[in-house]
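Residues per chain are reported as follows:
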Amino acid sequence: MVAKHLEIDLLQQTDTVIYFEWSDTGDTCVVKRDADTIYTGNENSLKDENLQIGELYTYTIERLGNDGEVKERIKMQTSTEDHSEDTVNYLQQIAITTIVSESKIILAWGAIDGIDEYEIYRDGEPMETTQKTQFTDFDVEMDREYSYWIRAERPLERSETGFSEEKSVAARIFGLLNIKSSQQEAAMEKFWIAKKIAPLEQLLADAPQVNVSEFKRTWDLRYTTFLPDEYLANPNLLSPNRYFAGDNRTFTPESSHYRTQVNFSLQLGNEETTLEFQKDVGPSIAYDWRKKFRKADVASSEGIQLEKAKEDDRNVMVNLTHSVGNPLTTSPNIDYDVSATFYRDGHYDITGLHDQAPNHEVYLKNDKMDDWFQIHEAESKGLAWMSRSTASQYWRISNFE
């Protein structure tokens, strides 16, 4: 039976192959990967091989009329999987797919073992809770951009890590002893996926001829950790440092009050790519039980490292690792990891992993933007949540523009 409209009927990915089928309209179709035409004909399937591990690819399927003009177009951004042994962020392993047409937006993502349901948000508003690993939004407008969140959680005992059961028991003991937490909450890993989508009229328009080799753009990323309270009680009741100074603020990209702040600037050029890096650690201040000043110090920033992990003609990947302690007392470090891939066509794919304390805020902008826009924020659950016995938070954000 001949279909009336283009649809993606089947999609399968491995680490180096993307296979998909689209509806058989009886017309000639053109398939482009990024800006390159890779198929023209009357078949309705394509097996794209020898792709890079864990990378985004954009496919455009155009249905041609008898006159050779495009009479229908859909676009799909998807990725290969990444099951490398050194991949510690589960969200890096799965493929995330976005399919757009004039009537709807479809989101699909790889299943995460141990997760039974996902909460879907659009522009911060709840849309649906589903057990499926896909969501279709039929209520879309052509001239609006949209931001979607996919949020889920799972018990630590369902984690794939070899020590998950041991860590789960420790987390439940932590929850039992910590009056501000529950045993269940302390043992729940959180997974947040975000997708930023340009207006459909922009995505589905005739693509301008862009020479990627001449593409130039500067991306700036700012990652800040901070304590929102004015004072924080020391979880160690035997310490003479009964309180620590907080940063006494809410989420904002420009504040000078923080525990740590990392800034990097990546300049993508046709001949040379440069990476600039700055890191800073705020002062730690301790008080006695009357909240009188006792002492202050600044922790070392040696545990903050940035490296360019990969560079080729499609993208540049940078890895950021962060481990900074409290110089005034023995306590767990503020730990997080970020892997960010910036594509020469303007797309980005950023994943992160951190403890659920303190507050984490991440901002991004490029040389065409005047202001930062937030790509991740997480509120602190308390200093004790920096313990390695508690569950972590995983996040990933990418754009389709």
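Here the structure is a predicted model, which means the values were calculated and not measured. (Residues numbered from 1 in each chain as written. Predicted model: local features only at pLDDT ≥ 70, side-chain atom pairs only at ≥ 80, totals over all residues. Heavy atoms only, no water.)

1. Description of the overall build of the protein chain
Now for step 1: When its secondary structure is counted, the protein chain shows four helices and 28 strands.
Now for step 2: Taking the contacts inside the protein chain whose residues are at least 6 apart along the sequence as the reference set, 61% of them involve residues at least 24 apart.
Now for step 3: Carbon and sulfur atoms form 44% of the exposed surface of the protein chain, whose accessible area is close to 19800 Å². (Helix = DSSP H or I, 4+ residues; strand = E, 2+ residues; numbered from the N terminus. Contact = heavy atoms within 4.5 Å. Areas by Shrake-Rupley, 256 points an atom, 1.4 Å probe, with all protein chains shown as cover.)

2. Remarks on the nonpolar core
Now for step 1: L221, F342, Y348, I350, L364, I375 and W395 are the most contacted members of the largest nonpolar core, which has 29 residues in total.
Now for step 2: Excluding residues within four positions of it along the chain, I350 makes contact with L221, V338, S339, A340, F342, L364, I375, W395, R396 and I397.
Now for step 3: One finds L107, I112, F135 and Y394 within the second-largest nonpolar core, a separate group that totals 28 residues. (Core = buried A, V, L, I, M, F, W, Y, C linked by side-chain atoms within 4.5 Å. Buried < 20%, exposed > 50% of the residue type's maximum accessible area, 1.4 Å probe, protein only.)

3. Let's talk about the sheet that holds strand β16 (residues 231-233)
Now for step 1: Across the sheet, four strands lie side by side as β16-β17-β20-β21; this open sheet has antiparallel pairing. Each edge of the open sheet is held by one strand with a lone partner, namely β16 and β21 (293-298). Taking each pair of neighbouring strands and ignoring which way they run, the sheet shows an average axis angle of 25 degrees.
Now for step 2: Across five bridges, the pairing between strand β20 (residues 283-287) and β21 is antiparallel. Paired with A286 across the two strands is K295, which belongs to β21. (Pairing = 2+ DSSP bridges. Axes fitted to C-alpha atoms, helices over the stretch in contact; angles between N-to-C directions.)

4. Topic: the packing of aromatic side chains
Two measures describe an aromatic ring pair: the distance that separates the ring centres and the angle between the ring planes.
Now for step 1: This structure, assessed with the given rule, holds 16 aromatic pairs.
Now for step 2: On the numbers, 5.3 Å between centres and 70 degrees between planes, the contact of W109 with Y118 is edge-to-face.
Now for step 3: On the accessibility criterion, W109 (4% relative accessible area) is buried.
Now for step 4: For Y118, a relative accessible area of 3% corresponds to the buried category.
Now for step 5: Through a chain of ring-to-ring contacts, three or more aromatic side chains come together here, namely F20, W22, Y39 and Y59.
Now for step 6: Positioned above the aromatic ring of W149 is the side chain of R151, whose terminal nitrogen or guanidinium carbon lies 4.2 Å from the ring centre.
Now for step 7: Here K291 stacks its cationic end above the ring of Y243, 5.1 Å away from the centre of that ring. (Phe/Tyr/Trp six-rings, centres within 6.5 Å; stacked < 30°, edge-to-face > 60°. Lys NZ or Arg CZ within 6 Å of the ring centre and 35° of its normal.)

5. Things to note about unusual backbone geometry
Now for step 1: That bond from A357 to P358 is cis: its omega, -10 degrees, falls within 30 degrees of zero.
Now for step 2: Of note in this structure, D34 is not a glycine but carries a positive phi near 55 degrees.
Now for step 3: Note that D34 resides in the loop between β3 (29-33) and β4 (36-41).
Now for step 4: Using a relative accessible area of 25% as the deciding quantity, one classes D34 as partly exposed.

6. Examining the pattern of salt bridges
Now for step 1: Scanning the model with the defined rule gives 25 salt bridges in all.
Now for step 2: In this structure, K310 and E55 form a salt bridge, with 2.1 Å as the shortest nitrogen-oxygen distance. Of this pair, K310 sits in strand β22 (residues 304-311) while E55 sits in the loop between β5 (45-48) and β6 (56-64), placing them 255 residues apart in sequence.
Now for step 3: For K310, a relative accessible area of 24% puts it in the partly exposed group.
Now for step 4: Owing to a relative accessible area of 3%, E55 belongs among the buried residues under this scheme.
Now for step 5: The closest approach of N and O atoms between E72 and R63, which form a salt bridge, is 3.0 Å. For the pair E72 and R63, one class covers both residues: buried.
Now for step 6: In the salt-bridge network here, residues are joined through shared partners; they are D34, E55, K310, D312 and R314. (Salt bridge = Lys/Arg side-chain N within 4 Å of Asp/Glu carboxyl O.)

7. What about the confidence of the model for the protein chain?
Now for step 1: Confidence in the prediction for the protein chain averages 89 pLDDT; 88% of positions are at 70 or higher.
Now for step 2: Contacts from residues 161-184, a stretch scored under 50 in pLDDT, to residues over four places away or in other chains number 38 contacts. (pLDDT = per-residue confidence, 0-100.)

8. Some thoughts on the pairing of β22
Now for step 1: Pairing of β22 with strand β23 (residues 315-324) involves seven bridges; the strand directions are antiparallel. Within β23, the position partnered with L306 by the bridge is L320.
Now for step 2: Hairpin connection from β22 to β23: three residues lie between these consecutive antiparallel strands.

9. Digging into the pairing of strand β14 (residues 188-197)
Regular strands place side chains that alternate from one sheet face to the opposite one.
Now for step 1: Here β14 lies mainly inside the structure; 10 of its 10 residues are buried.
Now for step 2: Burial along β14 is two-sided: the residues M188, K190, W192, A194 and K196 and E189, F191, I193, K195 and I197 are all buried.

10. What to know about the sheet that holds strand β18 (residues 260-268)
Now for step 1: Overall, antiparallel pairing links the five strands, which are arranged β19-β18-β15-β26-β27 in an open sheet. Single-partner strands in this sheet number two, and they are β19 (274-281) and β27 (373-378). Strand-to-strand twist in this sheet, taken as the mean axis angle between neighbours without regard to direction, amounts to 10 degrees.
Now for step 2: Two strands pair when backbone bridges link them, and strand β15 (residues 217-226) and strand β26 (residues 359-366) are joined in this way by eight bridges, in the antiparallel orientation.

11. Focus on the environment of R294
Now for step 1: Turning to its location among the elements, R294 is positioned in strand β21.
Now for step 2: By relative accessible area, R294 is classed as partly exposed at 36%.
Now for step 3: In sequence terms R294 and R242 are 52 residues apart; their C-alpha atoms lie 9.8 Å from each other.
Now for step 4: Residue contacts for R294: discarding those within four places in its chain leaves P240, N241, A286, Y287 and D288.
Now for step 5: For R294, the side chain forms a polar contact with the side chain of N241, separated by 2.4 Å. (Polar contact = N/O pair within 3.5 Å; in protein donor to acceptor, adjacent residues only side chain to side chain.)

12. A few points about the side chain of S255
Now for step 1: Examined against the element boundaries, S255 turns out to sit in the loop between β17 (243-245) and β18.
Now for step 2: Classification of S255 by relative accessible area gives buried; the value is 14%.
Now for step 3: Only 3.1 Å separates the side chain of S255 from the side chain of R249, close enough to count as a polar contact.
Now for step 4: At 3.1 Å, the side chain of S255 forms a polar contact with the backbone nitrogen of H257.
Now for step 5: The contacts of S255, once residues within four sequence positions are left out, are R249 and Q261.

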